[in-house]
Amino acid sequence: MDQITENAAILEWYLSVGVDEAIGDEPVDRFETSRRLAERAQAKAPQAPVAATSSALSPASPAPFHGAAPAARNAPAVNPALVENARAIAEACDDIATLEAAIRAFDGCPLKAGATHTVIADGIAGADLMLIGEAPGADEDRLGRPFVGRAGQLLDRMLAAIGRDRARDAYIANILFWRPPANRKPDPVETATCLPFVERLIHLSKPKVILLLGGTPASSLLGTSEGITRLRGRWHEWHGIPAMPTLHPAYLLRQPLAKREAWRDLLAVRRKLSGDKPSGEG
Ligand code: URA
């Protein structure tokens, strides 16, 4: 392989894993930076309480917040006061328009500063089917709507296969409202600060069935660290609402053979929405 072909292959691979922006010449280990900041803060003021509005990073390492999977080693620690603040704001919202305004005004998630748009939801609020994905990507950040890129187009085809259309009878949101740089996985601080708003969105939309797209929404909302391949294909419950974890459409684009598993999950969702009546889908 010549150098140009090799470089093109590397760039193509970066794109396929979501690295579509050059933001520095040298790699930065942000987990290490957060760890050092936390250590410094702890050395300076070991007894000092953490202000609710200053930062989501806590120098102490509290128990995992409500509904979250355990934080990864070296991951930034969650500030419970900040999460409580987010929850109080979210719970004070009695309708979706007020909640959306509150999310747009919320400055507690560090990702907001680097995002072009706040991406909240698409489709029909109040639809009996609600889908929760992970986080906006580059296309979603640019356009301000969830699932509008390649994964979104596949998701639309998946919905069409069970007779659904986001413009008519599905409501779609994500665990995060702002794009993580280079499409990396949400970290525990970002997830914890957005989760109260996502939960409120679900409560206010009152779906009959929730479809969880990938490991991030499944572990965040079901409060488990089990992987998506173990969680999918079985009914779980979120506050009494049946929830089906399935494979993320971006994963299905990379692993087309896994579409048959996702198809089984979609058929189960269709059956649940039709009152568990057999529908002859085979
Ligand atoms: N992937 C997601 O999880 N959400 C989006 O909105 C787009 C891609």
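Here the structure is shown first, and the text comes after it.
From a predicted model like this one, the values you see are computed outputs, not experimental measurements.

Trainee: Help me understand the sheet that holds strand β4 (residues 209-213), please; the structure alone is not making it clear to me.
Mentor: Hydrogen bonds between backbone atoms are what pair the strands of a sheet, whose relative direction is either parallel or antiparallel. The six strands lie next to each other as β1-β3-β2-β4-β6-β5, forming an open sheet whose pairing is mixed. Looking at which strands have only one partner, the edges of the open sheet turn out to be β1 (121-123) and β5 (236-238). Direction aside, neighbouring strands of the sheet carry axes that sit 30° apart on average. The pairing of strand β2 (residues 129-133) with strand β3 (residues 171-174) spans four bridges and is parallel. Within β3, the residue paired with Ile132 across the bridge is Ala173. Against the sheet, helix α6 (residues 150-161) engages β2, β3 and β4, with an angle of about 155° to β2.

Trainee: Before we go on, may I ask you to explain the pattern of salt bridges in this structure?
Mentor: Side-chain pairs of opposite charge can arise whenever the charged atoms involved come near each other. The tally for this structure, following the rule as stated, stands at 16 salt bridges. Residue Glu199 pairs with Arg87 through a salt bridge whose shortest N-O separation is 3.1 Å. Taken together, the residues Glu199 in helix α7 (residues 188-205) and Arg87 in helix α3 (residues 80-91) connect sequence positions 112 residues apart. An identical accessibility class is assigned to Glu199 and Arg87; each is buried. When the shortest N-O distance is used, the salt bridge between Arg230 and Glu226 registers 3.3 Å. Residue classification places Glu226 among the partly exposed positions, given a relative accessible area of 32%. A network of salt bridges, in which partner residues are shared, links Asp122, Arg145, Asp156 and Arg166.

Trainee: Honestly, the pairing of β4 in this entry has me stumped. Any pointers?
Mentor: For a regular strand, the rule is simple: side chains alternate between the two faces of the sheet. Most of β4 is tucked away: five of the five residues are buried. Every second residue of β4 is oriented toward a common face, with Val209, Leu211 and Leu213 on one face and Ile210 and Leu212 on the other, all of them buried. Where β2 and β4 come together, four bridges link them in parallel fashion. If you follow Leu129 over to β4, its bridge partner there is Val209.

Each value, and the rule that gives it
Residues numbered from 1 in each chain as written. Predicted model: local features only at pLDDT ≥ 70, side-chain atom pairs only at ≥ 80, totals over all residues. Heavy atoms only, no water. Pairing = 2+ DSSP bridges. Helix = DSSP H or I, 4+ residues; strand = E, 2+ residues; numbered from the N terminus. Axes fitted to C-alpha atoms, helices over the stretch in contact; angles between N-to-C directions. Contact = heavy atoms within 4.5 Å. Salt bridge = Lys/Arg side-chain N within 4 Å of Asp/Glu carboxyl O. Buried < 20%, exposed > 50% of the residue type's maximum accessible area, 1.4 Å probe, protein only.

Read these as geometric descriptors, not functional statements.
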